[in-house]
Amino acid sequence: MSSAISLNLGIARSAGSGSADADGGKRVLLAEPRGYCAGVDRAVETVEKSLEKHGAPIYVRKEIVHNRHVVETLREQGVVFVDETDEVPEGAVVVFSAHGVSPAVHESAAARNLHTIDATCPLVTKVHQEAKRFARDDYDILLIGHEGHEEVEGTAGEAPDHVQLVDGPDSVDRVTVRDESKVIWLSQTTLSVDETMETVKRLRERFPALQDPPSDDICYATQNRQVAVKAMAPECDLVIVVGSRNSSNSVRLVEVALGAGAKASYLVDYAREVDPAWLEGVRTVGITSGASVPEILVRGVLDMLAEHGFADVQPVTTANETLVFALPRELRTTRN
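Residues numbered from 1 in each chain as written. Predicted model: local features only at pLDDT ≥ 70, side-chain atom pairs only at ≥ 80, totals over all residues. Heavy atoms only, no water.

## As for the packing of helix H4 (residues 122-136) against helix H5 (residues 150-158)
And then number 1: The contact between H4 and H5 brings their axes to 8 Å, and the two run at 30°. Put simply, H4 runs roughly parallel to H5. In this structure, H4 crosses over H5, and the sense of that crossing is right-handed. On the side of H4, the interface is formed by Val 124, Val 127, His 128, Ala 131 and Lys 132, while H5 contributes Glu 151, Gly 154, Thr 155 and Glu 158.
And then number 2: Counted by class, the contact of H4 with H5 contains 3 nonpolar, 3 polar and 3 charged residues. (Axes fitted to C-alpha atoms, helices over the stretch in contact; angles between N-to-C directions. Helix = DSSP H or I, 4+ residues; strand = E, 2+ residues; numbered from the N terminus. Parallel < 35°, antiparallel > 145°, perpendicular 65-115°, else oblique. Left-handed = near helix turned anticlockwise from the far one by under 90°. Contact = heavy atoms within 4.5 Å. Nonpolar A, V, L, I, M, F, W, Y, C, P; charged D, E, K, R; others polar.)

In structure tokens form, the structure reads like this:
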């Protein structure tokens with residue numbers, strides 16, 4: 001997974017937060033870790049290996065991961081993205097995205113004789129298993145997450161009669177349970193740790209016997225990227241998060257940066273979306289990327305910043321990630 005290491009901020013602290021080094025030069029603080037997590041790497045490789053094995057077209061239900069560049073690149077290679085399995089020709093190959101699907105989607109695919117390859121992140125699968133386990137024990141399951149997110153729909157679909165969505169602290173007052181002694185919370189894996197804990201705190205005030213999940217539901221990579229941003233944000237005039245607007249963990253990084261002291265923060269898919277006006281009067285820029293973002297997009301932003309005088313790049317390292325997930329069984333023999 002990840003192993004904590006000595007914090008190497010690479011930051012020369014100055015008297016005023018957000019100011020640059022003593023020589024007044026511009027600099028970039030580059031968050032590490034950033035970008036692809038193990039689940040995203042597995043999902044993207046699953047589609048690539050499926051193309052190699054079966055040939056185009058390969059169908060993918062929803063976006064394989066929430067990143068514009070990744071989706072457009074795979075589409076150019078012969079991937080067809082669909083919203084539901086009934087859009088896939090009978091007998092064709094369909095890949096389920098990293099966000100997971102409900103049992104109803106599996107049943108729909110089976111009814112159409114589709115050859116399914118499941119790229120669900122194993123950490124999401126873990127939450128699915130927790131939902132099924134506590135539903136069997138007749139618990140009320142309070143699922144903290146964002147309404148309409150594919151991961152939430154998949155998890156809730158595992159136990160629809162037991163799961164109740166809690167979309168942030170403000171929705172806690174609307175929660176009702178059958179038995180306050182049999183209540184547990186689970187969460188979407190890509191949430192803000194701080195906001196989730198605030199929601200849990202509010203829930204526990206209402207339901208003192210509320211149980212915690214057996215292990216952390218929020219993805220290790222989501223947490224690691226938020227920790228790195230928190231470490232550098234107080235020094236930053238501006239934090240640029242590379243990621244797509246439908247990427248929950250990328251959006252959260254903007255919120256975390258602002259909450260941790262960055263003077264401004266913006267989300268961009270590509271370097272061309274960076275407005276030069278954002279850089280006016282700025283000395284320290286922080287850069288990070290969401291868990292579904294390929295490194296080439298970060299490099300593009302760094303190159304653009306270098307053209308504007310931000311050539312000094314200093315790492316902010318808060319963890320080393322070593323976790324690797326195996327490909328789905330039917331593709332493992334083709335992995336190099």
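## Describing helix H2 (residues 68-76)
And then number 1: For H2, every residue scored as buried is listed here: Val 70, Val 71 and Leu 74. For H2, the angular spread of buried residues about the axis comes to 95°, placing them on one side.
And then number 2: Its buried side turned inward, H2 meets helix H1 (38-54) and strand S4 (79-82).
And then number 3: Put simply, Asn 67 is the residue that caps the front of H2, since its side-chain oxygen is 3.1 Å from the backbone nitrogen of His 69.
And then number 4: Gly 78 sits one or two residues past H2 and shows a positive phi near 110°. (Buried < 20%, exposed > 50% of the residue type's maximum accessible area, 1.4 Å probe, protein only. Arc of directions from axis to C-beta. Polar contact = N/O pair within 3.5 Å; in protein donor to acceptor, adjacent residues only side chain to side chain.)

## Things to note about the packing of aromatic side chains
And then number 1: As enumerated under the stated definition, the model contains 2 aromatic pairs in all.
And then number 2: Here the aromatic rings of Phe 134 and Tyr 139 are separated by 5.3 Å at their centres, their planes lie at 80°, and the arrangement is edge-to-face. Residue Phe 134 shares its accessibility class with Tyr 139, and that shared class is buried.
And then number 3: Here the basic side chain of Arg 272 rests over the ring of Tyr 270, its NZ or CZ set 4.2 Å away from the ring centre. (Phe/Tyr/Trp six-rings, centres within 6.5 Å; stacked < 30°, edge-to-face > 60°. Lys NZ or Arg CZ within 6 Å of the ring centre and 35° of its normal.)

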